[in-house]
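Residue-level listing of the chains:
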Amino acid sequence: MLYDVEFQAWCNNLRLSQQQRDLVNQIRTSPPARKVQGGGRNVHGSYASSKMGRTIQFESHTVELPAITQFYEYDDQVLEYWDQPIKFSIKCSPQGKQATTIGHCPDFFVMRKNCCGFEEWKTEKRLEKLSDEQPYRYQKIE
């Protein structure tokens with residue numbers, strides 16, 4: 001994890017606005033927005049992260065856990081990664097239905113040396129199913 005002075009330097013390097021800095025700092029200093037739960041065939045749990053100095057929740061041992069162990073924990077470009085970082089609303093309009101608001105909590109917020117963002121981990125098969133069921137929310141782009 002970054003020390004405060006390193007965090008400020010990272011924010012300066014990315015030219016983050018004060019509002020963006022506040023959001024990232026909120027994510028870094030708050031507990032996860034929700035506790036993960038298993039469902040169906042998912043095996044959930046916690047990973048003891050040496051990079052983060054804390055446990056990181058995962059909802060799937062076949063998708064999210066490999067994301068942690070293969071893409072976040074040992075990648076030098078990844079400075080920090082936060083599980084279930086924040087809950088926000090997505091406004092969407094299902095075809096033929098009234099516009100609706102959906103609450104969403106991304107799997108991770110990832111801070112890399114030159115960028116940051118929310119990341120969602122799903123299998124390609126699951127994404128294809130979601131794009132068929134919810135085309136207003138999930139779309140396959142070639």
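Please read all numbers here as calculations on a predicted model, not as lab measurements.

Calculation notes
- Residues numbered from 1 in each chain as written.
- Predicted model: local features only at pLDDT ≥ 70, side-chain atom pairs only at ≥ 80, totals over all residues.
- Heavy atoms only, no water.
- Patch = residues over 30% accessible without salt bridge, like charges linked within 9 Å, V, L, I, M, F, W, Y side chains within 5 Å.
- Areas by Shrake-Rupley, 256 points an atom, 1.4 Å probe, with all protein chains shown as cover.
- Salt bridge = Lys/Arg side-chain N within 4 Å of Asp/Glu carboxyl O.
- Helix = DSSP H or I, 4+ residues; strand = E, 2+ residues; numbered from the N terminus.
- Buried < 20%, exposed > 50% of the residue type's maximum accessible area, 1.4 Å probe, protein only.
- Core = buried A, V, L, I, M, F, W, Y, C linked by side-chain atoms within 4.5 Å.
- Contact = heavy atoms within 4.5 Å.
- Pairing = 2+ DSSP bridges.

Q: Mind laying out a nonpolar patch on the surface, listing which residues take part and the relevant values?
A: Together, Leu23, Phe88 and Phe118 make up an exposed nonpolar region whose accessible area comes to about 230 Å². For Leu23, the location among the structural elements is in helix α2 (residues 18-29).

Q: How would you explain unusual backbone geometry if you had to name every residue and give the values?
A: Positioned with a positive phi, Arg15 is a non-glycine residue whose angle comes to about 55°. Along the chain, Arg15 turns up in the loop between α1 (4-14) and α2. Even without glycine at this site, Gln84 takes up a positive phi of about 45°. Gln84 gets classed as buried once you look at its relative accessible area, which sits at 0%.

Q: Please provide a residue-by-residue account of the nonpolar core, values included.
A: Trp10, Ile68, Tyr72, Tyr81 and Met111 are the most contacted members of the largest nonpolar core, which totals 22 residues. Looking at this core, the elements that each hand over two or more residues are α1, α2, β2 (54-58), α3 (64-72), β3 (78-83) and β6 (108-112). When near neighbours in sequence (up to four residues on either side) are disregarded, Met111 contacts Leu2, Phe7, Trp10, Val24, Arg28, Gln77, Val78, Leu79, Glu80, Trp82 and Cys116.

Q: Got a sec to walk through the pairing of strand β7 (residues 115-119)? Specific residues and values, please.
A: Bridge analysis of β6 against β7 gives 5 bridges, and the strand direction is antiparallel. Across the sheet, residue Arg112 finds its bridge partner in β7, namely Cys115. Adjacent in sequence and paired antiparallel, β6 and β7 are bridged by 2 residues.

Q: Hey, could you go over the environment of Ser46 for me, with residue numbers and the actual values?
A: Residue placement: Ser46 occurs in strand β1 (residues 45-49). Along the backbone, Ser46 and Val36 are 10 residues apart, and their C-alpha atoms lie at a distance of 9.4 Å. If we skip the residues at most four places from it in the chain, Ser46 touches Thr55, Ile56, Gln57 and Phe58.

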